[in-house]
Amino acid sequence: MPEPAAALRARGLVKQFKRVRAVDGIDLTVGAGERVALLGPNGAGKTTTLMMLLGVITPDEGTVELVGRALPGQRSEAMESVGFAAGYLPLPERLRVREFLELFADLYGLADGREAVARGLTRFRIESLADVMGNELSSGQRTLVGIVKATLHRPQLLVLDEPTASLDPDVAHRVRGGLERSCAEDGTALLVTSHNMQEVERLCARVVFLARGRVVADGAPDAVAARFGRDDLEGVFLHLAEGGVDPISDARAVS
Amino acid sequence: MRAQRVRAIARRQSYVLRRAPQRWFDVIVWPVVDAILFGAIGVYFGRQHGVASATAAFLLAGIVLFHVVFQAEISLATGFLEETWSRNLLNLMVTPLTELEYGAGVVLFGLGRLAIGVSVVSVVAFALFAFNITNLGLGLVPLVVILLVVGWSVALVVIGLILRVGQGAEILTWGFIAFLLPMSGIFYPVSALPAGLQPLAQALPTTHAFAAARALVQGHPLPWGEVGLAAAGAVVVALLSVWFLTRMLATFRRRGFISRHT
C-alpha cells in the first residue's frame with residue numbers, strides 16, 4: 001500500500017566525516033502540516049541531518065524526498081515548496097531588507113514578489129525595517145527577516161535551525177507567534193531544531209530526539225518525557241546531554 | 001533554467017557593485033592605470049626607435065584585450081566570492097536556484113561590468129595616446145569571444161578551488177590572471193620568453209589569441225590558424241573547467257564544506 005503524502009520523508013540517512021559518524025541511519029517523516037522538533041545535544045547530528053534533508057550535504061547512504069520530490073534530482077522543484085531559516089545566518093551586506101526579500105521572492109519564482117514581501121513583513125510586524133540595510137539590523141531583527149524570507153512563498157515545509165537562539169524573550173515570542181500564524185494560515189509543516197524546550201513544547205506536537213547520530217525517541221512531548229522517566233523535555237535533553245543514552249537499549253523509547 | 005532567477009542574481013550583484021566603492025577599483029582604476037602605464041612605456045621606447053605610435057599601439061592593443069580576460073574572470077570569481085564573504089551561500093543553496101542559473105546570473109552581470117572596464121581602458125587609450133582599438137576591425141570579435149571564454153573558465157577553476165579548500169584560495173582570483181599576463185605573450189611573441197617557458201606558453205589559448213591580435217595591429221589579415229588554435233584551446237579549457245567545478249561541487253556537498261561558510 002502506498003505511504004500517505006508527506007512533507008518530508010527520509011530513509012536510512014548516514015553521514016560519516018572522516019572518523020566521526022555524524023548521522024547513523026536516521027529515518028524521519030514529517031506529515032503534511034505537522035510540526036516536528038528535531039532535538040538533541042550538541043554533536044547529536046541535527047544540523048548535518050537538516051543539511052542532508054535540504055540537499056546541501058550529500059548523504060553517504062539513504063534517500064530524501066521533499067514534498068514528494070526525490071533529492072538530489074528534483075532538488076530545485078522541491079525547494080519551490082520548502083523554506084529554510086537559521087538563527088546563525090546573517091543577511092548579505094549591501095542589501096536593504098526589501099531588496100533582500102524581493103531577491104528571494106524571485107528565486108522562489110513568485111509572480112507577486114512585492115506583495116509577498118509586504119505580506120511577510122506585516123505578518124511578523126517588521127514593516128518598519130523594509131528600507132534598513134541588512135548589516136544595520138540587530139540579531140533579533142535579522143532572525144525575523146530570515147523567517148520572513150523562508151515563508152515568502154508559503155512553503156509546504158518550513159525548516160528552521162535554532163530560530164530563536166540568542167533572542168530576547170520579546171522577539172522570541174514574536175517569532176513563535178508569527179510562525180504559528182504562518183503554519184496555521186498556510187498549512188505549512190514545520191521541522192525545527194532548538195535548545196529551548198519550552199519553545200518546542202509550544203510550537204510542536206511531536207519531538208524527535210537524536211543522540212550520536214541516531215533517533216532515540218520519537219513521539220508527543222509528554223509521551224517522550226514519560227518514556228525516559230523525566231518530568232519534561234528539559235529532563236530528557238539533560239539526560240541525553242550527559243551521555244545517558246544507549247541507542248540500542250533505549251530503542252524502546254522510539255515509538 | 002528560469003530567467004527570473006537569473007535576473008535576480010544579476011540584480012543582487014549590481015547592488016553590491018553600486019554600494020561597494022572598492023569594487024570599482026577593478027572596473028575603473030586598474031583599466032586607467034594600465035592604459036596610462038603601457039601607453040607611456042610604448043611612447044617612450046618607441047621614441048628611441050622613431051616609432052612611438054606603433055610601439056604604443058602594440059602595447060595598448062595587448063592591454064585592452066587583456067582586460068577582456070581580466071574583467072571576465074574577476075567579475076565571475078568575485079561575484080561568487082561576495083556570497084562567501086557575506087555568508088550568503090547557504091541562503092542561496094536552500095532555494096530552487098540551480099548552479100547553472102547562478103552562473104548565468106553572475107555572467108550576465110559580469111558582461112555589463114566587462115563592458116564598463118574594457119570601455120574605460122579603450123577610452124583612456126584613445127584620449128591619451130590616440131589609439132583606437134576598433135581600428136583593428138571585425139577580426140577582434142572572435143578574439144574577444146575566445147578571451148571571454150578563457151576568462152570565465154579561469155574563474156570556474158578559482159570557484160572550484162574556493163569550494164574545495166575554502167576562502168584561502170581567493171588569492172588565486174588575481175593570481176591566475178597575473179600568471180597569464182606574462183605567459184600569454186600579450187606584449188611580445190612567445191619567442192621572447194625564456195626557452196623553458198615557451199612550451200607552456202604555446203599551450204595557452206590566450207597566447208594564440210594575442211598572437212592573432214598582434215598580427216592585426218601590424219596591419220596583417222587575421223591569422224586564422226592562430227585563431228583556430230586559440231578557439232580549440234578555449235573549448236578544451238572551458239570543458240576542463242566545467243568538469244573540475246562539477247567535481248569540486250560534488251566534494252563540497254559530500255564533505256559538508258558548507259560549514260566553512262555559515
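Scroll up for the structure.
The structure contained in this document is the topic of the report that follows.

What counts and what doesn't
- Residues numbered from 1 in each chain as written.
- Chains lettered and ligands numbered in written order.
- Predicted model: local features only at pLDDT ≥ 70, side-chain atom pairs only at ≥ 80, totals over all residues.
- Pairing = 2+ DSSP bridges.
- Helix = DSSP H or I, 4+ residues; strand = E, 2+ residues; numbered from the N terminus.
- Axes fitted to C-alpha atoms, helices over the stretch in contact; angles between N-to-C directions.
- Left-handed = near helix turned anticlockwise from the far one by under 90°.
- Contact = placed C-beta atoms within 7 Å.
- Nonpolar A, V, L, I, M, F, W, Y, C, P; charged D, E, K, R; others polar.
- Buried ≥ 20, exposed ≤ 12 C-beta atoms within 10 Å, placed from the backbone.
- Core = buried A, V, L, I, M, F, W, Y, C linked by C-beta atoms within 7 Å.

Thoughts on the pairing of strand 4 (residues 61-66) of chain A
The side chains of a regular strand alternate, residue by residue, between the two faces of the sheet.
All names here are of chain A.
Then, number 1: Here strand 1 (residues 6-17) runs beside strand 4; their pairing, made up of 5 bridges, is antiparallel. Directly across from leucine 8, in strand 4, lies its bridge partner leucine 66.
Then, number 2: Bridge count for strand 4 against strand 5 (residues 69-70) is 2 bridges, and the pairing is antiparallel. Across the sheet, glutamate 65 pairs through a bridge with alanine 70, a residue of strand 5.
Then, number 3: Taken together, strand 4 and the strand that follows it, strand 5, pair antiparallel across an intervening segment of 2 residues, in which valine 67 is found at a positive phi of about 40 degrees.

Digging into the packing of helix 2 (residues 24-48) of chain B against helix 5 (residues 99-129) of chain B
Residues and elements named next belong to chain B.
Then, number 1: Interhelical geometry of helix 2 versus helix 5 gives an angle of 30 degrees and a closest axis separation of 9 Å. In this structure, helix 2 meets helix 5 at a crossing whose hand is right-handed. Facing helix 2, whose interface residues are Val27, Ile28, Pro31, Val32, Asp34, Ala35, Ile36, Gly39 and Val43, helix 5 presents Arg113, Ile116, Gly117, Val120, Val121, Val124, Ala125, Leu128 and Phe129.
Then, number 2: Residues of the contact of helix 2 with helix 5, tallied by class, amount to 14 nonpolar, 2 polar and 2 charged.

Here we look at helix 1 (residues 46-53) of chain A
All names here are of chain A.
Then, number 1: Burial of helix 1 is extensive: 8 of the 8 residues sit out of reach of the surface.
Then, number 2: Those residues of helix 1 that fall on the buried side of the exposure criterion are Lys46, Thr47, Thr48, Thr49, Leu50, Met51, Met52 and Leu53.
Then, number 3: Positive phi shows up at glycine 55, right after helix 1, with a value of about 80 degrees.

Points about the sheet that holds strand 7 (residues 157-161) of chain A
Residue and element names in this part refer to chain A.
Then, number 1: Sheet architecture is open: 6 strands sit in the order 6-7-8-3-9-10, paired in mixed fashion. On the outer flanks of this sheet lie strand 6 (82-86) and strand 10 (214-219), each paired with one strand and no other. Taken over all neighbouring pairs, the strand axes of this sheet differ in orientation by 15 degrees on average, direction set aside.
Then, number 2: Judged from the 4 bridges that link them, strand 3 (residues 35-39) and strand 8 (residues 189-193) form a sheet pairing that is parallel. Its bridge partner lying in strand 8, leucine 38 is registered against threonine 193.
Then, number 3: Docked against the sheet, helix 5 (residues 139-151) engages strand 6 and strand 7, running at close to 170 degrees with respect to strand 6.

Considering unusual backbone geometry
All names here are of chain A.
Then, number 1: Residue leucine 71 is joined to proline 72 through a cis peptide bond whose omega torsion reads 0 degrees.
Then, number 2: Summarising the element assignment, proline 72 is placed in the loop between strand 5 and helix 2 (75-79).
Then, number 3: Its identity as a non-glycine residue notwithstanding, valine 67 has a phi of 40 degrees, on the positive side.
Then, number 4: Residue position: valine 67 is located in the loop between strand 4 and strand 5.
Then, number 5: For glutamate 162, which is not glycine, the phi dihedral falls at a positive 50 degrees.
Then, number 6: Tracing the backbone through its elements, the reader meets glutamate 162 in the loop between strand 7 and helix 6 (169-186).

Describing the interface of chain B and chain A
Then, number 1: Facing the 26 residues of chain B at the interface are 25 residues of chain A.
Then, number 2: Looking at the side of chain B that touches chain A, the elements that each hand over two or more residues are helix 1 (3-19), helix 4 (89-93) and helix 10 (224-254) of chain B.
Then, number 3: For the side of chain B that touches chain A, the element with the most residues is helix 1 of chain B, which contributes 8 residues.
Then, number 4: Looking at side-chain class alone, the side of chain B that touches chain A contains 10 nonpolar, 8 polar and 8 charged residues.

Side note on the sheet that holds strand 1 of chain A
Residue and element names in this part refer to chain A.
Then, number 1: Taken in spatial order, the 4 strands make up an open sheet running 2-1-4-5, and their pairing is antiparallel. Edge strands, defined here as strands with exactly one partner in the open sheet, are strand 2 (20-31) and strand 5.
Then, number 2: As defined by bridge partners, strand 1 adjoins strand 2 across 9 bridges and the pair is classed as antiparallel. Considered in strand 2, the bridge of leucine 8 is made with valine 30.
Then, number 3: Across the sheet, helix 1 is in contact with strand 1, strand 2 and strand 4; its angle to strand 1 comes to roughly 120 degrees.

Focus on the nonpolar core
Then, number 1: Within the largest apolar cluster, 160 residues are counted, with the highest numbers of intra-cluster contacts made by A:Leu8, A:Leu157, A:Val159, A:Val208, A:Phe209 and B:Leu60.
Then, number 2: Looking at this core, the element that brings in the most residues is helix 3 (residues 52-85) of chain B, giving 18 residues.
Then, number 3: Among all residues touching A:Val159, those that are not within four sequence positions of it are A:Leu50, A:Leu53, A:Leu54, A:Val82, A:Gly83, A:Phe84 and A:Leu191.

Brief notes about the environment of A:Met133
Then, number 1: In this fold, A:Met133 is placed in the loop between helix 4 (113-123) and helix 5.
Then, number 2: The sequence separation of A:Met133 and A:His239 amounts to 106 residues, and the corresponding C-alpha distance is 43 Å.

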